[in-house]
Amino acid sequence: MPFTKLGLAPNFLRGVQAMGYTEPTPIQLRAIPAVMSGRDLIGSAQTGTGKTAAFALPVLSLLGIHKKEGPRVLVLEPTRELAAQVETAFRDFARFSDIRATVVHGGVGYGRQRSELRAGTDIVVATPGRLMDFLQEGEIRLGGVQILVLDEVDRMLDMGFIHDVKRIIQRCPPKRQTLFFSATVPPEIAAVASFALRDPARIEIGATRSVPSLVTHAIYPVHQEQKFELLLALLAAIDFNSVLIFSRTKHGADRIAKRLRDANHSVAVLHANRSQNQRIEALEGFRSGRYEVMVATDIAARGIDVAGVSHVINYDVPENPEDYVHRIGRTGRAQAVGDAFTLASPENASDVRAIERFIGMEIPRLKLEGFPYKHASAFPQRPEPQRQRGRQGPFQGAPSHHPRGKPGAHWRRR
Ligand code: AMP
């Protein structure tokens, strides 16, 4: 079904066309009519499914031209980067209308955000902390909010924002439409949902635990002392366009970046200790190809949309199995293909098992041909996996060849 059959207003259909989208994704097909009907919605969808447009397009269409004091739409996001990205999406879709969107987040001065709010805006996309500041100052009123979007609620809970989120919900009028997105719905989130939503439609796209079907993933066992060397060797062996490397800690990210620069890679770094300008510069540089590698921590990279990330490398095994899914969701977005590699030392064995239990599949162990491993085996020998690389469990319909036919001579399965 084309976008034109979904009841969207014509000026936003033009916006969609200008973005180059031809067909709605499954979540868009299901969410757009549900939101247009005026119902509350609770949605879970894996990353890269087109969730932003699934709520932004019907929200814009519902707004029409009727102007009121103060914002009519409030979108809450867990991180600055996501807030900026979602606001940009609203602006892109609304480019053929006079609807105004404003982003409100920490890490930058108050001046510009304050003057945009004072000038009047229709849509505010905000992180909870800075929005609370503006609410306390009386700089923003939520009495005119008709549609409230709570995005990535599970991550807002992880980041300790849930109390602010509840306070913000209470400041919105009880008569409103609420759209609620969360990859997982643990009891605390279910409680927020039941207090924020009325008779919601439910939409679940794919199993929330599954990894994107076009990602090929593998574990590279290695002892800690050779980890960086193996990273360099992997970078030399793969045919990558752009690589996102995850580190557990901010200091770790800085260290990896420095060592990669010393090895003549062009590297951007993204973590919470960097200033907003540094983060913007890093993301823009990575998006434009000025940096071929970006080293990031989980929180900073959550939800970041960079087209064409060909590889994700987990320099550290994520502690939280759910982060594994989010990390590798950075590649293989919206039907592209990508590889996700995890460097794992023997100490990480239990974290690796937890990830495998969580995603319901065994991740193949690979050895990099020609790499001077100092230890015969970093992981206990296991039988050859019965199933193909990354094609088990929830994975269906994926090609059986390597995306770029690349590993060939360089790679050998254990
Ligand atoms: P999201 O899940 O909203 O972060 O979207 C993931 C990526 O898919 C973004 O780069 C979007 O611009 C892109 N995208 C979303 N919807 C479509 C569509 N219908 N056709 C093509 N690309 C899309």
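Residues numbered from 1 in each chain as written. Predicted model: local features only at pLDDT ≥ 70, side-chain atom pairs only at ≥ 80, totals over all residues. Heavy atoms only, no water.

**Structural notes on helix H4 (residues 80-93)**
If you check H4, its first and last C-alpha atoms are 20 Å apart, about what 14 residues at 1.5 Å a residue would give, namely 20 Å. Buried residues of H4: Glu81, Leu82, Ala83, Gln85, Val86, Glu87, Ala89, Phe90 and Phe93, and no others. (Helix = DSSP H or I, 4+ residues; strand = E, 2+ residues; numbered from the N terminus. Expected span 1.5 Å × (residues − 1). Buried < 20%, exposed > 50% of the residue type's maximum accessible area, 1.4 Å probe, protein only.)

**Details of the environment of Phe341**
By secondary structure assignment, the location of Phe341 is in strand E13 (residues 338-344). Judged by relative accessible area, which is 1%, Phe341 ranks as buried. Taking the C-alpha atoms as reference, Phe341 lies 9.8 Å from Ile363; in sequence the two are 22 residues apart.

**A short note on the packing of aromatic side chains**
Enumeration according to the criterion identifies seven aromatic pairs in this entry. Here Phe371 and Tyr373 contribute two aromatic rings whose centre-to-centre distance is 4.9 Å and whose plane-to-plane angle is 80°, an arrangement assigned as edge-to-face. The exposure class of Phe371 is buried, given its relative accessible area of 10%. Clustering of aromatic rings is evident, with ring pairs tying together Phe3, Tyr21 and Phe93. Against the face of Tyr110 rests Arg130, its NZ or CZ located 3.7 Å from the ring centre. The ring of Tyr315 carries the charged tip of Lys227 above its face, separated from the ring centre by 4.9 Å. (Phe/Tyr/Trp six-rings, centres within 6.5 Å; stacked < 30°, edge-to-face > 60°. Lys NZ or Arg CZ within 6 Å of the ring centre and 35° of its normal.)

**Considerations on the confidence of the model for the protein chain**
Overall, the predicted model of the protein chain reaches an average pLDDT of 83, with 83% of residues at or above 70. Counting interchain partners and residues more than four positions distant, the pLDDT-below-50 stretch residues 382-414 has 78 contacts. (pLDDT = per-residue confidence, 0-100. Contact = heavy atoms within 4.5 Å.)

**Overview of the side chain of Thr121**
By the secondary structure assignment, Thr121 is in the loop between helix H5 (111-119) and strand E4 (123-126). Accessibility expressed as a relative area gives 4% for Thr121, which makes it buried. Side chain to side chain, Thr121 and Thr102 meet in a polar contact 2.8 Å long. Here Ile123 takes part through its backbone oxygen, which lies 3.4 Å from a polar atom of the side chain of Thr121. Setting aside chain neighbours within four positions, we find Thr121 in contact with Gly70, Pro71, Arg100, Ala101, Thr102 and Glu116. (Polar contact = N/O pair within 3.5 Å; in protein donor to acceptor, adjacent residues only side chain to side chain.)

**Overview of the pattern of salt bridges**
Across all of its chains, the model carries 22 salt bridges by this definition. Taking the shortest distance from any N to any O, the salt bridge between Lys51 and Asp151 comes out at 2.7 Å. Here Lys51, found in helix H3 (residues 51-63), pairs with Asp151, found in the loop between strand E5 (147-150) and helix H7 (153-158); they are 100 residues apart in sequence, far enough to count as distant. We note a salt bridge from Glu281 to Arg290, for which the minimum N-O separation is 2.8 Å. Note on Arg290: relative accessible area 46%, which makes it partly exposed. A single salt-bridge network, built from bridges that share partners, covers Glu87, Arg91, Arg112 and Glu116. (Salt bridge = Lys/Arg side-chain N within 4 Å of Asp/Glu carboxyl O.)

**Details of the sheet that holds strand E1 (residues 41-45)**
Overall, parallel pairing links the seven strands, which are arranged E3-E4-E2-E5-E6-E1-E7 in an open sheet. Since the sheet does not close on itself, it has two edges, and those belong to strand E3 (101-104) and strand E7 (201-205), each with one partner. Strand-to-strand twist in this sheet, taken as the mean axis angle between neighbours without regard to direction, amounts to 15°. On the sheet, H4 packs against strand E2 (73-76), E3 and E4 and is oriented at approximately 175° with respect to E3. (Pairing = 2+ DSSP bridges. Axes fitted to C-alpha atoms, helices over the stretch in contact; angles between N-to-C directions.)

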